[in-house]
Amino acid sequence: MSSHADGRTTRKPRRSAPAWARRAALAATAAGTVLGLLAAAPTAGASSPGAPTAARPAPTVAAPDIPVANVKAHLSQFQSIASANGGNRAHGRPGYRASVDYVKGKLDAAGYTTRLQQFSTGGATGWNLIADWPGGDPNQVLMAGAHLDSVSAGPGINDNGSGSAGILETALAVSRAGLTPKKHLRFAWWGAEELGMRGSQAYVNSLPATDRSKISGYLNFDMIGSPNPGYFVYDDDRQIESTFKSYFASINVPTEIETEGDGRSDHAPFKNVGVPVGGLFSGADYTKTSAQAQKWGGTAGRPFDSCYHRSCDTTANLSDTSLDRNTDAIAYAIWTLGGSGSTNPPTGTVFENAADVQIPDAGAAVTSAVQVTGQTGNAPAALQVGVDIKHTYRGDLVIDLVAPDGTAYRLKNSAADPAPNVQTTYTVDASSEAANGTWQLRVQDVGPQDTGYIDSWKLTF
Ligand code: DTR
Ligand code: CA
Ligand code: ZN
Ligand code: ZN
């Protein structure tokens with residue numbers, strides 16, 4: 001337990017080993033891609049630039065078990081918001097914007113770069129909330145999305161508070177883990193889906209073709225907590241589909257292909273422009289068959305969600321099991337499809353500075369420089385920035401890479417993240433920068449209490 005001048009106290013939750021261990025085995029086998037946080041192992045004493053060093057790959061890490069209680073806490077917030085705003089969270093009503101503000105506040109505190117995209121439809125103003133996790137290859141963007149609006153008839157807790165809360169808690173888990181995936185992660189909460197996917201369509205329409213082609217996959221989550229649940233997997237992109245199927249196979253839950261889905265949720269605008277899509281669905285107002293009840297439990301002859309688009313779509317209209325399984329599947333897909341960064345030591349020339357630089361508590365930024373020489377042309381589009389900072393509360397730290405011409409690239413935002421140390425490798429698109437010159441790592445501690453120092457950092461060309 002540590003305490004801070006502002007009264008913050010932090011206790012690191014203990015992680016349940018068995019579930020985590022099971023997922024570690026899954027991540028290492030089923031998906032064929034393993035996940036590693038590449039912790040650059042600083043070379044003792046090497047401070048002269050240019051001395052080639054190789055980073056040792058860190059052990060692979062599996063996706064975390066997302067606590068379903070955290071997901072339900074977000075749903076309770078959505079319920080309270082609806083209750084305080086006319087009973088719904090519909091497009092054009094105050095409950096929708098209040099829902100956006102709640103989600104945005106959580107993400108800003110967790111170190112995401114967020115933005116609101118405004119659009120008009122149905123005679124009212126709507127907003128999409130877009131949240132980028134700093135780092136990762138900007139040319140390979142993995143997106144996860146869910147519509148945040150409800151129908152006007154009710155609070156929309158399953159449709160689609162469940163998907164919205166599921167990707168929110170997964171995004172917060174990414175922050176808690178300090179994940180540095182190979183791909184750039186982007187999360188999105190859509191407006192006006194119930195009017196016909198208007199928010200997600202506005203987003204896709206706003207994307208230049210070059211940016212669309214950078215989206216390696218869009219994962220959609222619309223209704224993932226239905227009270228009489230089915231476990232449906234979208235069958236659009238084979239890799240995404242098999243990733244989700246691998247997860248459910250690992251927990252011995254059979255799945256079916258989602259056949260109703262085409263065109264019926266926010267993946268449609270992405271699919272229509274050629275982006276690989278996938279997602280999960282627990283069923284709406286059509287009826288669960290006897291065969292389905294045999295494999296999934298629940299009640300045959302009844303709808304998967306009998307409160308679909310009704311006022312009874314409240315926090316009482318949920319299956320915790322469905323919510324838990326589907327949210328864990330979301331995390332597994334983000335960790336797996338997001339990629340690990342290389343688990344092999346980076347090749348190329350390494351420029352390192354291992355001199356310790358003290359970071360003043362809640363004070364001015366400090367810098368550590370490396371002199372890059374002997375390179376030709378510009379820096380790479382996937383420049384590897386290995387960082388080793390010892391600090392007792394990494395959430396206090398803001399970290400930038402500063403190119404020789406002064407251009408700053410944000411590597412890490414401050415966040416409510418009590419874990420110690422930043423020992424990871426960031427990937428930066430520095431292709432517009434001349435390689436040779438003085439590069440700097442700039443670090444600022446913006447939070448009271450807790451101190452630390454730059455132990456070492458390196459650039460690999
Ligand atoms: N249109 C969605 C509910 C819905 C119905 N079928 C599917 C299939 C796949 C995803 C979502 C849906 C809504 O009412 O928000
Ligand atoms: Ca869980
Ligand atoms: Zn709906
Ligand atoms: Zn929906």
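Just so we're clear, the structure is a prediction, and the values are computed from it rather than from any experiment.

Draft legend 1. Broad picture of the nonpolar core. The biggest cluster of nonpolar side chains holds 63 residues, and the ones touching the most others in it are Phe-187, Trp-189, Leu-219 and Ile-334. Sorting elements by how many residues they give to this core places helix H10 (residues 320-337) first, with nine residues. Ignoring anything within four residues of it in the chain, the contact list for Phe-187 reads Tyr-112, Leu-129, Ile-130, Ala-131, Ala-144, Ile-167, Ala-171, Val-174 and Ile-334. Leu-383, Trp-439, Val-443 and Phe-461 belong to the second largest nonpolar core, which has 29 residues in total.

Draft legend 2. Broad picture of the sheet that holds strand E5 (residues 137-147). Reading across from one edge, E3-E4-E6-E5-E7-E10-E8-E9 is the order of the eight strands in this open sheet, with mixed pairing throughout. Across the chains shown, the open sheet's two edge strands, defined by having one partner strand only, are strand E3 (113-121) and strand E9 (256-258). Here the average twist between neighbouring strands, direction ignored, is 25°. In the packing of helix H5 (residues 198-206) onto the sheet, contacts are made with E3, strand E4 (124-133), E5 and strand E6 (183-190), and the angle to E3 comes to roughly 110°.

Draft legend 3. Representation of the pattern of salt bridges. Considering all chains together, one arrives at 14 salt bridges under this definition. Between Arg-186 and Asp-132 there is a salt bridge, and its shortest N-O distance comes to 2.6 Å. Taken together, the residues span a long stretch of sequence, with Arg-186 in strand E6 and Asp-132 in strand E4 at a distance of 54 residues. One salt bridge connects Lys-390 with Asp-388, and the closest N-O pair in it is separated by 2.9 Å. Each member of the salt-bridge network shares a partner with another, and the members are Asp-388, Lys-390 and Asp-455.

The rules behind the values
- Residues numbered from 1 in each chain as written.
- Chains lettered and ligands numbered in written order.
- Predicted model: local features only at pLDDT ≥ 70, side-chain atom pairs only at ≥ 80, totals over all residues.
- Heavy atoms only, no water.
- Core = buried A, V, L, I, M, F, W, Y, C linked by side-chain atoms within 4.5 Å.
- Buried < 20%, exposed > 50% of the residue type's maximum accessible area, 1.4 Å probe, protein only.
- Helix = DSSP H or I, 4+ residues; strand = E, 2+ residues; numbered from the N terminus.
- Contact = heavy atoms within 4.5 Å.
- Pairing = 2+ DSSP bridges.
- Axes fitted to C-alpha atoms, helices over the stretch in contact; angles between N-to-C directions.
- Salt bridge = Lys/Arg side-chain N within 4 Å of Asp/Glu carboxyl O.

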